[in-house]
Amino acid sequence: LGGASTTGKSGGMGDLRFVFKGIGPMDGWEIRYGVDLGISPSKGKDATATITGNRNSGGHSLSPFVGVLYPVADAWDIGAKLSYNYLMERTVEDPSSTPSVDTKTTGGSTFSFTPFVEWDFGDGLLGAFVDLSSTGSSTQTTPTTTTSLSGYSTTSFGLQGRYDFNEMFTGLLQFTSSSSTGKPVSASV
């Protein structure tokens, strides 16, 4: 959805994102908090072999988070992050049929808990994390069908790094391996 295709290409600008992040020092540790607001300027459009899609998700999202960071040794920190990605109704156009069909999706919001460890070596940072996520059920509706998808859980393990080459350039790298349980199951009406 939202421009994802294996046979065509998508172009244009994607969702607008507005992010607020804050840090509050708390007697030897930090609390980090914020919110990410995603605004989709229009409905999404899937790409086909002959029609260019767009990169819009087709709906707005609101993702608040809170986390803690605690130094345990000279350059080592541990922490955890709680986040909730609330997805509002999303509309994606499928132009492959005549006339084109809009699919409206509701639900599918995700709650995540992510413990992590970081090593800060001055100009860079290396870290490892485990992300435990639970995605709620969702419903997809077209003019002729309604499909219910069950919720599922995902466990991800990852390594990430950041290196500040200079004041203007920072390199980021992340490797992630994921496993889902309770894959989405659909039931059409």
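The present account deals with the structure reproduced in this document. Quantities reported herein were computed from a predicted structural model and do not represent experimental measurements.

1. Here's the deal with unusual backbone geometry
1) Next: Unlike most non-glycine residues, Asp 27 shows phi in positive territory, near 50 degrees.
2) Next: Inspection of the secondary structure puts Asp 27 in the loop between strand S2 (16-26) and strand S3 (29-39).

2. Brief notes about the sheet that holds strand S10 (residues 110-120)
1) Next: Pairing in this open sheet of 8 strands is antiparallel, and the strands run S2-S3-S6-S7-S10-S11-S14-S15 from one edge to the other. In this open sheet, the two edge strands, each paired with only one partner strand, are S2 and strand S15 (170-181). Between one strand and the next, the sheet's axes are offset by a mean angle of 15 degrees, whatever the strand orientation.
2) Next: Strand direction decides the pairing type here: S10 and strand S11 (residues 124-135), joined by 9 bridges, are antiparallel. Within the sheet, the bridge partner assigned to Glu 118 lies in S11 and is Gly 127.

3. A short note on the side chain of Ser 138
1) Next: By secondary structure assignment, the location of Ser 138 is in strand S12 (residues 138-141).
2) Next: Judged by relative accessible area, Ser 138 falls into the buried class, the value being 10%.

4. Let's talk about the environment of Leu 132
1) Next: Turning to its location among the elements, Leu 132 is positioned in strand S11.
2) Next: For Leu 132, a relative accessible area of 38% gives the class partly exposed.
3) Next: Note: C-alpha distance between Leu 132 and Thr 154 (22 residues apart in sequence) is 6.0 Å.
4) Next: Apart from residues no more than four positions distant in its own chain, Leu 132 is found in contact with Phe 111, Ser 112, Phe 113, Thr 154 and Thr 155.

5. Remarks on the packing of aromatic side chains
1) Next: Following the criterion strictly, the structure yields 6 aromatic pairs and no others.
2) Next: Arranged with centres 6.2 Å apart and planes meeting at 45 degrees, the rings of Phe 20 and Tyr 33 form a pair that is tilted. Residue Phe 20 is located in strand S2, and its partner Tyr 33 is located in strand S3; the two are separated by 13 residues in the primary sequence.
3) Next: The class for Tyr 33 is partly exposed, based on a relative accessible area of 36%.
4) Next: Residues Trp 119 and Phe 121 carry aromatic rings whose centres are separated by 5.0 Å and whose planes lie at 40 degrees to one another, so their mutual orientation is tilted.
5) Next: Here Trp 119 falls in the partly exposed class, since its relative accessible area comes to 34%.
6) Next: Relative accessible area serves as the criterion here: at 34%, Phe 121 is assigned to the partly exposed category.
7) Next: Connected via pairs of aromatic rings, a cluster forms that spans Trp 76, Trp 119, Phe 121, Tyr 163, Phe 165 and Phe 169.
8) Next: The ring of Phe 65 carries Lys 81 above its face, with NZ or CZ at 4.8 Å from the centroid.

6. Some words on the layout of surface pockets
1) Next: A volume near 1200 Å³ is recorded for the largest pocket.
2) Next: Lining the largest pocket are 36 residues, and of these Lys 21, Lys 81, Phe 116, Glu 118 and Gln 160 sit closest to its centre.
3) Next: Elements supplying a minimum of two residues to the lining of the largest pocket: S2, S3, strand S6 (61-71), strand S7 (76-87), S10, S11, strand S14 (152-164) and S15.
4) Next: Here the lining of the largest pocket takes 7 residues from S6, the largest share from any one element.
5) Next: Split into classes, the residues belonging to the lining of the largest pocket amount to 15 nonpolar, 12 polar and 9 charged.

Criteria and cut-off values
Residues numbered from 1 in each chain as written. Predicted model: local features only at pLDDT ≥ 70, side-chain atom pairs only at ≥ 80, totals over all residues. Heavy atoms only, no water. Helix = DSSP H or I, 4+ residues; strand = E, 2+ residues; numbered from the N terminus. Pairing = 2+ DSSP bridges. Axes fitted to C-alpha atoms, helices over the stretch in contact; angles between N-to-C directions. Buried < 20%, exposed > 50% of the residue type's maximum accessible area, 1.4 Å probe, protein only. Contact = heavy atoms within 4.5 Å. Phe/Tyr/Trp six-rings, centres within 6.5 Å; stacked < 30°, edge-to-face > 60°. Lys NZ or Arg CZ within 6 Å of the ring centre and 35° of its normal. 1 Å grid on protein atoms, 1.4 Å probe; cavity = no way out; pocket = protein on both sides within 12 Å on 5 of 7 lines; lining within 4 Å. Points joined across faces, edges and corners; volume = space filled by probe spheres on them. Nonpolar A, V, L, I, M, F, W, Y, C, P; charged D, E, K, R; others polar.

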